[in-house]
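# Results of the structural survey
Spelled out, the chains give:
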Number of protein chains: 4
Amino acid sequence: MLRVGLIGYGYWGPNLARNFNAHPECALIRIADMAPARRSAAAAAFPAAEVTDAADIAKAPDLDVIVVATPVFTHYELAKTALEHGKHVWVEKPMTSTHDQARELTDLARARGLTLMVDHTFLFTGAVRKMKALIDAGELGDLYYYDSTRINLGIFQHDINVVWDLAPHDLSIMDYLLGDAAEAVSAHGRGHFDTGLEDVAYVTVFYPNNLIAHFHLNWLSPVKIRRTVVGGSKKMLVWDDLNKEEQIKIYDKGMAVETKEGLYRVLATPRHGDMYAPVVPTVEALKTEVEYFVECIEKGLTPFNNGAAGARIIAMLEATDRSLKENGRVIALR
Amino acid sequence: MLRVGLIGYGYWGPNLARNFNAHPECALIRIADMAPARRSAAAAAFPAAEVTDAADIAKAPDLDVIVVATPVFTHYELAKTALEHGKHVWVEKPMTSTHDQARELTDLARARGLTLMVDHTFLFTGAVRKMKALIDAGELGDLYYYDSTRINLGIFQHDINVVWDLAPHDLSIMDYLLGDAAEAVSAHGRGHFDTGLEDVAYVTVFYPNNLIAHFHLNWLSPVKIRRTVVGGSKKMLVWDDLNKEEQIKIYDKGMAVETKEGLYRVLATPRHGDMYAPVVPTVEALKTEVEYFVECIEKGLTPFNNGAAGARIIAMLEATDRSLKENGRVIALR
Amino acid sequence: MLRVGLIGYGYWGPNLARNFNAHPECALIRIADMAPARRSAAAAAFPAAEVTDAADIAKAPDLDVIVVATPVFTHYELAKTALEHGKHVWVEKPMTSTHDQARELTDLARARGLTLMVDHTFLFTGAVRKMKALIDAGELGDLYYYDSTRINLGIFQHDINVVWDLAPHDLSIMDYLLGDAAEAVSAHGRGHFDTGLEDVAYVTVFYPNNLIAHFHLNWLSPVKIRRTVVGGSKKMLVWDDLNKEEQIKIYDKGMAVETKEGLYRVLATPRHGDMYAPVVPTVEALKTEVEYFVECIEKGLTPFNNGAAGARIIAMLEATDRSLKENGRVIALR
Amino acid sequence: MLRVGLIGYGYWGPNLARNFNAHPECALIRIADMAPARRSAAAAAFPAAEVTDAADIAKAPDLDVIVVATPVFTHYELAKTALEHGKHVWVEKPMTSTHDQARELTDLARARGLTLMVDHTFLFTGAVRKMKALIDAGELGDLYYYDSTRINLGIFQHDINVVWDLAPHDLSIMDYLLGDAAEAVSAHGRGHFDTGLEDVAYVTVFYPNNLIAHFHLNWLSPVKIRRTVVGGSKKMLVWDDLNKEEQIKIYDKGMAVETKEGLYRVLATPRHGDMYAPVVPTVEALKTEVEYFVECIEKGLTPFNNGAAGARIIAMLEATDRSLKENGRVIALR
C-alpha cells in the first residue's frame, strides 16, 4: 500500500485526490494547501485524510508518494525535497520553470531509483492513445506536418503567457506522437494588454525529414477550436477534441505522385478515398494515468512521461520564449 | 463604348469574357489564346468576337482595354505593351513576378493617365465588402490579430509554391481590410515532393500597434477550411467562406479589462455577448468588379485595387519567399 | 425554514438533495430509498440528513415538503399521501401514470391550499426562458409550426416506450412556450424488439389557427440530435441544445406575401435577413427551480408548472398511447 | 442514332438538352417551348436544333424519342401522344397528376414495346447508388426505419403543395432503396397562406415487418436540411446531401440484445462502433441517366425507373393528399 500525500488542492487537486483515493493500492493520507477555504473543501471530501497547511509534508517520513499540484514556480523545490527524502513524485505540468531544474530533478530521480512522473493527462486519453497506435503502426506513412490549433476566449493568466498556459498540452502530445527528435523552435506572438504577456502566439517546431509542426495558441478567439491535423504520405488524420462523437477522423487521402520525364519531373494529383472514425474508448484519462504511475513504482518501470519527457517540453517552452523575444529567431533544441 | 481585347482563355478567361461581353458599355471584340482547343471554345461562346492566336493584340489600335489572363510570368510584358500603346489594363493576380515589375507598370499607368487594375475578385464579394464596412465603422474597435486559414487537398502547381498559389487571395483581403501599413513578413514552410516547392507554409505579417496577421496555407490538408478570424478590442468576427448561410459572424465578445492596484495591475476577464450573422448580398463579384473598372475608366478615378495595391501584394510574396529561404528571418517591407 | 423529505435517491435524487440542501430556507432532514447502496451513498453525501427505507415519510409530522423522485407508477400514491398530510409536494416528471390521477392530485392540492409542482427542469434553463421571452414579446409573429427532434442511441427503458421516456421534456416545453390550447394528438411509431414498446415514434399535436407541432423521438439513431425549430410570420428560431456556444439562433427570415389580382392571388417569396444568437445565461436550471418552488410556498403563489400543467402533459401522453394503438387516429384533448 | 425532341425548356430543360445533345448516340433535333424568351435561349445554346412553339412535336414522324419537361398537368397528354405515335418517352417527375394516368401510360408503353422512363435523377447520384449497394448487400441488416428531412426556406409553388413539390425526390429514393412493398400512407400538414396548399407536412409510410418511413417536408424552415437516416439491425447510415465531403456516414452502431429470463425478457443496450464515410463518386447523375435510357432503348431493357416505378410514387402522392384531407387517416396503397 502506497502512502500518498497531495500538495495543492486548487483546480486540479480534487481530481488527483479522488483518483489516488480510489486506487486500491494507495492510501491518501495527507492533503496540504495554504488556503483555508480549500482545506475545508478537502476535509469535507476526504474525511479519512489529514489536512494541513504545511508544505513540508514533502519530507514526511510516513509518506511514499508526493503529488505536487501547486503553481509552477514551486514545483522544483517541492519535487526536489520529496525526491531527496526518498519519495516517488507525481508533478503537474509544466514540470518546472526552467529546463535546468527539470534536468536536475530527472537526474536526482534516476540516481535515487525513484519514479518521477509528469502529469500530461492528455497522453492517457483514448484519442491520443488511438493516434499513437495508428502512427506507430505506420498507417499514416511518412509524416509531413503536424498542425495544432488551441484557441478560445480564455482566462488570462497573470504570470505566464498563452504559450506556457496552453502549449504544454499540445507540445507533450506532439512529443509523444512524433518522438523526441525535435530540432528547433521559432515563435511569433503579441500581447495586447498592459501585462507584457503574449495572448496570441504561433509556434513552429522543426523535425528532421522536412516534418514541420505548428501551434496556434490564442486567448482572444471568439470561437473555441481544439483541432490537430496530421498529414502523412499514406493517410491523414484530424483530431477534433470538441467533437466527442467523432474525435478522430482518418482520411485515406493524399497525393498520387508520378515521376515523369520532361518539363515537370513530378506530377502530384490529389487522391480521395474513404474516411473512417474509429470508436474511441471513453475512460477517465487520469484514472488510467494513476494506475500506470502505481504500476511503474511497483514494477520499477520508467514511465514514458518521465522527467526527461517533461524536461523536453520545458526546453521547447524556454526556446519559444527566447524566440518570441528575439523576433522569431530559430532556436536549436540541443 | 469601350473596345475590349482579352488575352488568355484558360480557367478564368471565360468568366472575364462573359462579364465584359455583358457590360452595356463594353464591346468584346477580340480574344487571344495560344491553344487551338481554347480558341475553339472562345469562338463558340462568343461568336461576335474575333479569335486569334496573336498575343500582340496588346498593341492593336482598335482596342481601348486589354484584359490579361495569362500565366503570371507573362503579365509584365503584356501589360507594359498595352499601357505603352495607350490602353487601359485589367490584369489577373498575382500582378507580376517581381515587385520591381509591378512598380514599373504602376508608374507607367500613372504617367500615361491610364487605368490599371489588378483583379483581386474577392474584394468585390459581399462578405469582404461587409467586413470592410464593419471595420471602417470601428465596430471591432482596435484590431488585435488577423488569422487566416486556407487549406485543402489541392492541385499542386508546377512553377509556384503554395504561398504564391493561395496567399494572394488572403494578402489582398488583409491589405484591403487593414490598410497598407504592413511592416514586415516572416515565413516558415516545407515541401515534401521532389519539386523544391513548399506545399505547407505559415506566414506572419506584422503591423504597427501589435496587430499581428497570420496565414496558414496548405495543399495537403484532408479537410477544406477557408476561415478568417479578426479580433478587436470591442468585437470579433469570423468569416467562413464555406458556410454560405452564415458567412460572417460577429461576436460581441472580448476582454473586460480592469486596471487595479496591487500584485497584478491588469485584470482581463472574458466578456460574452450576442453573436449575429448579417445577411450578405449574393451578387457575382466579378460583375461588380467589371462595372467598377468601367466606371474608373469613364470617370478617371483611381481604383482602390490599382497597380500600387497589386504591387504591395507582390512585395509581400517576395518577402515571404526570401524569409522561407532564410529560415524565417523577418523581412522589412519598406 | 422548510423541513424537506426526499423519497428516491436514484438518478436524479442526488441533484435534488444537493439543491434543496443548499437552499438557505430549506433543511433537508430525511432521505428515503429502498436500495441499501443508494442509502449508503445518501448518508455519505448528506451526513446531516436521516436516511431511511421507509416510504411513509410522506406522512411524517416533522416534514413540510415532500420531494418525490421515484419511478412513475409510485408518484400518485406518494404525492396523494403527502398532500393529505398537509405537505407541499415536488414531483418528478412525468407527473403520474394517468390523467385522472394527475387531475385528482391537482384538485387535492388546490382544496388544501398546498403547493404542488411538477419538475420539468428544462423550463428553467436559460434557453427555454429566452425563447419564452421572445415568443411572448411577439418577436416571431403568429406561430406557424413547432418542430422538435430528440433522437440518439439511447438506453431502452423496460416499462415505458420512447414517447413516455423522451417526450415529456418536449411536450412540457411546447406547452410552456405555446400555451395550453393544444386540441388534439396523432402518433405513429414502431417497436423492433420483443418488448411491445415503440422505440421510434412521430407525434403530431394540433393547435388552433393552423399551428402544428411535431415530435420526432427515437432510441435507435446513430446520431444525437436535440433541436427545435419554431416558425412564425415575422421570424423563426432554432434551438440546438447540443450547440452550447450558439444554443438559440433567431432568423429574420420568412415569406414576403403579396396579394395580387389574377391567376394566383397570393405570391409568397422568401425573405432573407440577419441571424442573431443571443447570449444565454448559464445557470443551473434546478437551482432556479428550487428557489421558485420555495418562493411559491412562502408567498402562496401558484407555480406555472403546477399540477394542472403536469396533467396536461399526461393527457397528451395518454392520447399519444391511444393514437399509437389506433393507427394514428386523431385524439381530441378535451 | 436516336432522333430526340424535347418539349419544355424551362428550369430543367437546358440540362436535358445539354446531356442528350452530348450523347454520341443521340441527335437533339427539335426543342419546343411556348415562351418566346425560352425559345431564344434554346436557339442560342443549340444552334443545330430546330426550335418551335408547337407542342405537337410529340407526333412528329422524324423523332424517335420525346423528352417531356413541361408542367405536371401536361405530362399525361404529351406522353400518351408520343407513345401512341411509337416514340420512346422520357418524362420528368412527378410522372402524372393521377395514378390512373400513370398506369395507363405504363400499360401503353408495355403494349407498344416502347421504353418509358421517369426522370428521378437522384437515383443516379453516387450517394444513392452507394446506399443501394450497401443495403442490397445486407450491410445494415434488417431495416427498422427510414427518416427523411427536406426543409428550407423555399419558393412556394402556386399549383402544388409542399408534398408534391419536395416529396417525389424522397419517395422515389425510398422506393428504390427499400423496394416496392410500401403498404400504406398517413400524412398531416398545414398551410399558412391564403392558397389552401400545405407548406409544412409530415408523411409516414408503412412497410411490412415494422419498417416505418417518415418524411418531414417544409417550405418555411430558416435552415436548410437534406438528411436521411436509415436504421438497421446491424448498422445505421446517415446521408447528408449538403455535406459534400462526407455525404454518407455508416455507423457500426446498434443495440446489443440479450434475451433473458426474469422480469424483463429483452435487454437492449447501445453498441458503439466505428463510423466510416466511403468516397462517393462525383459524376453528373443526369449524364449517367441519359446513358442508361439510351442503353435501355437499344437493348430493349426495362428501366428500373420505368412507368410502374413512377406510378408507385404517384400512388403515394395521391394517398398523401387523401390522408391530408381526411385528418391523417391511414390510406392503403393497394
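Residues numbered from 1 in each chain as written. Chains lettered and ligands numbered in written order. Predicted model: local features only at pLDDT ≥ 70, side-chain atom pairs only at ≥ 80, totals over all residues.

### Describing the sheet that holds strand β1 (residues 2-7) of chain C
All names here are of chain C. So the rule is basically this: In this description, strands pair whenever DSSP reports at least two bridges between them. Each helix corresponds to a stretch of at least 4 residues labelled H or I by DSSP, and each strand to a stretch of at least 2 residues labelled E; elements are numbered beginning at the N terminus. Between the N-to-C directions of two axes lies an angle of 0 to 180 degrees, each axis being a line fitted to C-alpha atoms and, for a helix, fitted only over the stretch in contact.
If you trace the 6 strands from one edge of the open sheet to the other, you get β3-β2-β1-β4-β5-β6, paired in parallel fashion. The open sheet has two free edges, formed respectively by β3 (50-52) and β6 (116-119), since each of these has just one partner strand. Here the strands of the sheet are splayed against their neighbours by 20° on average, with no regard to which way each runs.

### Examining the interface of chain A and chain B
Rules: For the purpose of contact definition, each residue receives a C-beta atom placed from its backbone, and two residues are in contact when these atoms lie within 7 Å. Any residue outside Ala, Val, Leu, Ile, Met, Phe, Trp, Tyr, Cys, Pro, Asp, Glu, Lys and Arg is labelled polar, Gly included; the first ten of those are nonpolar and the last four are charged.
Taken together, the contacts link 41 residues of chain A with 41 residues of chain B. Broken down by secondary-structure element, the contributors of at least two residues to the side of chain A that touches chain B are β7 (143-153), β8 (184-190), β9 (200-206), β10 (212-218), β11 (220-232), β12 (236-240), β14 (254-259) and β15 (266-271) of chain A. No other element matches β11 of chain A, which puts 6 residues into the side of chain A that touches chain B. In the side of chain A that touches chain B, the residues fall into 23 nonpolar, 14 polar and 4 charged.

### Points about the interface of chain C and chain B
Taken together, the contact pairs 9 residues of chain C with 9 residues of chain B. Of the residues in the side of chain C that touches chain B, the class split is 5 nonpolar, 2 polar and 2 charged. Looking at chain direction, strand β16 (residues 275-277) of chain B and strand β16 (residues 275-277) of chain C are connected through 3 bridges and run antiparallel. Opposite Ala-277 of chain B, over in β16 of chain C, you have Met-275 of chain C as the bridge partner.

### A closer look at the packing of helix α3 (residues 75-84) of chain C against helix α4 (residues 99-112) of chain C
All names here are of chain C. Convention followed: Any angle between 65 and 115 degrees counts as roughly perpendicular, while under 35 counts as roughly parallel, over 145 as roughly antiparallel, and the rest as oblique.
Between α3 and α4, the least distance of the axes is 10 Å, while the angle of their chain directions is 10°. As far as their axial angle goes, α4 and α3 are roughly parallel. The segment α3 lies against α4, with Tyr-76, Ala-79, Lys-80 and Leu-83 engaging Gln-101, Leu-105, Leu-108, Ala-109 and Arg-112. Of the residues contributing to the contact of α3 with α4, the split by class is 6 nonpolar, 1 polar and 2 charged.

### Notes on the domain arrangement of chain A
Where the parts come together, the accessible area they lose is often given as the size of the interface. All names here are of chain A. Applied cut-off: In this entry, domain limits derive from an automatic or database-based domain assignment.
The assigned domain composition of chain A is domain 1 (2-114) and domain 2 (123-283 + 315-332). Distance between the C-alpha centres of domain 1 and domain 2: 31 Å. Facing the 4 residues of domain 1 at the interface are 6 residues of domain 2. Grouping the constituent residues of the side of domain 1 that touches domain 2 by class yields 1 nonpolar, 2 polar and 1 charged.

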